Amino acid sequence: MPGPLADRTILLLSSNFGTETDEIRRPLEALREAGATVTVAATKAGTVQTLVLDHDFGPEVPVDTTYDAVQANDFDALVLPGGTLNGDALRTDETVQSLVRGVAEAGRPVAAICHAPWILVESGLVDGRRLTSVPTIRTDMVNAGAEWVDEEVVLDDSGGFRLITSRSPDDLDAFHRAILDALT
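Note that the structure is a prediction, hence the values are computed from the model and not measured. (Residues numbered from 1 in each chain as written. Predicted model: local features only at pLDDT ≥ 70, side-chain atom pairs only at ≥ 80, totals over all residues. Heavy atoms only, no water.)

Topic: the sheet that holds strand 3 (residues 37-42)
Ordered by their spatial adjacency, seven strands build an open sheet running 6-3-1-7-8-12-11, and the pairing between neighbours is mixed. Since the sheet does not close on itself, it has two edges, and those belong to strand 6 (65-66) and strand 11 (153-156), each with one partner. The pairing of strand 7 (residues 77-80) with strand 8 (residues 110-113) spans three bridges and is parallel. Residue pairing in the sheet places L78 in a bridge with V110 of strand 8. Contacting strand 1 (9-13), strand 7 and strand 8, helix 3 (residues 94-105) runs over the sheet at an angle of about 135 degrees to strand 7. (Pairing = 2+ DSSP bridges. Helix = DSSP H or I, 4+ residues; strand = E, 2+ residues; numbered from the N terminus. Contact = heavy atoms within 4.5 Å. Axes fitted to C-alpha atoms, helices over the stretch in contact; angles between N-to-C directions.)

Some words on unusual backbone geometry
If you check the backbone angles, D54 has positive phi at about 60 degrees while not being a glycine. Note on placement: D54 falls in the loop between strand 4 (47-52) and strand 5 (56-62). In this structure D54 comes out as partly exposed when scored by relative accessible area, which is 33%. (Buried < 20%, exposed > 50% of the residue type's maximum accessible area, 1.4 Å probe, protein only.)

Details of the packing of helix 1 (residues 21-33) against helix 6 (residues 172-183)
Remark: helix 1 packs on helix 6, axes separated minimally by 10 Å, with the N-to-C direction vectors making an angle of 45 degrees. Of the possible angle classes, the one that applies to helix 1 and helix 6 is oblique. Where helix 1 crosses over helix 6, the two elements pack in a sense that is right-handed. Mapping the contact onto sequence places D22, E23, R26, P27, A30 and L31 in helix 1 and L172, D173, H176, I179 and L180 in helix 6. Its residues assigned to classes, the contact of helix 1 with helix 6 comprises six nonpolar, one polar and four charged. (Parallel < 35°, antiparallel > 145°, perpendicular 65-115°, else oblique. Left-handed = near helix turned anticlockwise from the far one by under 90°. Nonpolar A, V, L, I, M, F, W, Y, C, P; charged D, E, K, R; others polar.)

Quick look at the pattern of salt bridges
On inspection of all chains with the given rule, the structure shows eleven salt bridges. The partner of R129 in a salt bridge is D156, and the shortest N-O contact between them spans 2.9 Å. Within this pair, whereas R129 is found in the loop between helix 4 (117-122) and strand 9 (130-131), its partner D156 is found in strand 11, the two being separated by 27 residues in sequence. Summarising the burial analysis for this pair, R129 and D156 share the class buried. (Salt bridge = Lys/Arg side-chain N within 4 Å of Asp/Glu carboxyl O.)

The values are spatial; any link to function lies outside them.
Right, dumping it as structure tokens:
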């Protein structure tokens, strides 16, 4: 029997190095288990070298394609995993910013966890929005015009698309439920 997301396509954007292990692997597993087709796109073909808590090497995750080979309109949702190095690398990439804006402008869900909301700041998507992130980037969110709250998952539908944010790997179960709910 097909899962509840059997007809859904999800884009997951990651750098090739420094993505938080659980924040890429667990969403991939949960979304694929629900039947979604999840495409992992990165700067280069190959793999994503994950890190556990920004420090220890974690397992590699296969990359399906590169950022410049995908179109925002081809996906039903976007997932942005965290990790300090990943969030910092992605936020300065203009192709990533364009993809994030494209998914949002199409009115589709955008889900970001941990340091990934940095990408939303650079993409111009946090002003006036209620969200959360890892607490260490709270000031960045507030300075960009967001209302930052300390909750495991925050949903904000005020900007024409559903914004789903969470703080850390501890919040992944709530993060996954919110993504599934947004797509069913």
